[in-house]
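Chains, contacts and geometry: an overview
Chain by chain, the residues:
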Amino acid sequence: MSILDKSKLDKSGSFTLGGKTVRRLGYGAMQLAGPGVFGPPKDHDAAIAVLRHAIEAGVNHIDTSDFYGPHVTNRLIREALAPYPDDLLIVTKIGARRGDDASWLPAASPDELRQAVHDNLRNLGLDVLDVVNLRLWGDHGHSPAEGSLERELSVLADLQRQGLVRHIGLSNVTAGQVEEGRRICEILCVQNHYNLVHRADDALIDDLAGKGIAYVPFFPLGGFSPLQSDQLSEVARRLGATPMQVALAWLLKRAPNVLLIPGTSSVGHLRENLAAAELDLPADALELLDRLVQ
């Protein structure tokens, strides 16, 4: 993909999110922080270049959080992109913090949630946050667990009424928690673990599609354990693509409300990910990939 040819990224489709029309293939900033998403990047200039190339290529949906680093990715985004393009939607999340040992810890008391919103505002250099996802801790960090989110979400809804947050989403939640959340405030998007082989949310995606709510899979390429499959590799070889491009193209086909935020700290890998927008999966390849469920 030519890094300046935004029309190619248009092939991923678009979705209206938070009053802005975003391309369905976006960018996740998590990997811009240091090893283990902790500390500064190995190469500061390379991190800045990735963000600027993403915007030049047509990305207008960036996912981040102030607990990446912590504070690292938001400060990089501000340095690279402010003043921000009018069409750029920055989505952040709150509900966790980093320990001094790089551990991931829940941070969902009312005071912690309020502080997290102010930290995101300060480090991104914004007066109001476009979208804030309430990130629930669940089981083992990345698997949702049932339980009321009323206390936490009410804090975020109050910050929305104060004008510090425009829109609210949920992350790492069950279908029941989504419904509870919708009784408290409008839920713009849901961000859960989902990819080619991890499909626990199939029914939820379809339900949200019917309601016009975006679904944003985290770990779309497997996260810390990249997707590996003989069938995936075979489809990629046949199409002259990489396995990761095929996995992203499959997600774009999955449902029109699926928005992708693959992350990388490399301009070359960024270009490779964005080229998935142009990949057309034939029916027989889709049939094979649809059977790849753990």
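This text gives an overview of the structure that appears in the document. (Residues numbered from 1 in each chain as written. Predicted model: local features only at pLDDT ≥ 70, side-chain atom pairs only at ≥ 80, totals over all residues. Heavy atoms only, no water.)

With respect to the sheet that holds strand β5 (residues 89-94)
As summarised here, the arrangement of the seven strands in space is β3-β4-β5-β8-β9-β10-β11, forming an open sheet in which the pairing is parallel. Looking along the sheet, the strands with just one partner apiece sit at the ends: β3 (27-28) and β11 (214-215). Taken together, the two bridges between strand β10 (residues 189-191) and β11 define a ladder with parallel strand orientation. Among the inter-strand pairings, C189 is bridged to a residue of β11, identified as A214. Packed on one face of the sheet, helix α4 (residues 110-124) meets β5, β8 (129-135) and β9 (165-171) and runs near 145° to β5. Here helix α5 (residues 150-161) sits on the sheet in contact with β5, β8 and β9, set at roughly 160° to β9. (Pairing = 2+ DSSP bridges. Helix = DSSP H or I, 4+ residues; strand = E, 2+ residues; numbered from the N terminus. Contact = heavy atoms within 4.5 Å. Axes fitted to C-alpha atoms, helices over the stretch in contact; angles between N-to-C directions.)

Examining helix α2 (residues 44-57)
A turn of α-helix holds 3.6 residues, and therefore any two residues three or four places apart point the same way. Its 14 residues give α2 an end-to-end C-alpha distance of 20 Å, which sits within 8% of 20 Å, the value for a rise of 1.5 Å per residue. Every buried residue of α2 is accounted for by A47, I48, V50, L51, H53, A54, I55 and A57. At the N-terminal boundary of α2, the capping side chain belongs to D43, with an oxygen 3.2 Å from the backbone nitrogen of D45. Within two residues after α2, G58 carries a phi angle of roughly 110°, on the positive side. (Expected span 1.5 Å × (residues − 1). Buried < 20%, exposed > 50% of the residue type's maximum accessible area, 1.4 Å probe, protein only. Polar contact = N/O pair within 3.5 Å; in protein donor to acceptor, adjacent residues only side chain to side chain.)

Some points on the packing of aromatic side chains
Two numbers describe a pair of aromatic rings. These are the distance of the centres and the angle of the planes. Across all of its chains, the model carries five aromatic pairs by this definition. Geometrically, the ring pair formed by F67 and Y68 is edge-to-face, given 5.4 Å between the ring centres and 90° between the ring planes. A single burial state applies to F67 and to Y68, both of which are buried. Ring centres of F67 and W104 lie 6.0 Å apart, and the angle between their planes is 85°; this geometry places the pair in the edge-to-face category. (Phe/Tyr/Trp six-rings, centres within 6.5 Å; stacked < 30°, edge-to-face > 60°.)

A look at helix α7 (residues 202-211)
Three or more residues of α7 are buried, namely L204, I205 and L208. Take α7 and look down its axis: the buried residues cluster within an arc of 100°, on one side only. Opposite the buried face of α7, at more than 90 degrees from it, the exposed residues are A203 and G210. On the buried face of α7, the contacting elements are α6 (175-184), β10, β11 and α9 (243-254). Just downstream of α7 lies G212, where phi reads positive at about 75°. (Arc of directions from axis to C-beta.)

Quick look at the state of the cysteines
Tallied over the entire structure, the rule returns zero disulfides. Free cysteine: C185, not disulfide-bonded; nearest cysteine sulfur from C189 at 11 Å. The class for C185 is buried, based on a relative accessible area of 10%. (Disulfide = S-S within 2.5 Å.)

With respect to empty space enclosed by the protein
In total, this model carries one cavity of 30 Å³ or more according to the counting rule given. Approximately 40 Å³ is the volume found for the largest cavity. Those elements giving two or more residues to the lining of the largest cavity turn out to be β4 (61-63) and β10. (1 Å grid on protein atoms, 1.4 Å probe; cavity = no way out; pocket = protein on both sides within 12 Å on 5 of 7 lines; lining within 4 Å. Points joined across faces, edges and corners; volume = space filled by probe spheres on them.)

Structural notes on unusual backbone geometry
Between G69 and the following residue, P70, the backbone shows a cis peptide bond with an omega angle of -10°. Examined against the element boundaries, P70 turns out to sit in the loop between β4 and α3 (72-81). Positioned with a positive phi, F219 is a non-glycine residue whose angle comes to about 55°. Tracing the sequence through the fold places F219 in the loop between β11 and α8 (230-239). Overall, F219 belongs to the buried group, its relative accessible area being 13%.

A look at the side chain of Q245
Position of Q245 relative to the elements: it lies in helix α9. When neighbours within four sequence positions are excluded, Q245 is seen to be in contact with E272, A275, A276 and L279.

Quick notes on the pairing of β8
Where burial is concerned, most of β8 is hidden: seven out of the seven residues are buried. Relative to β8, β5 runs parallel, the two being bridged by four bridges. Within the sheet, the bridge partner assigned to V91 lies in β8 and is V131. One ladder, built from six bridges, connects β8 with β9; its direction is parallel. Bridging from a neighbouring strand, R135 pairs with S171 of β9.

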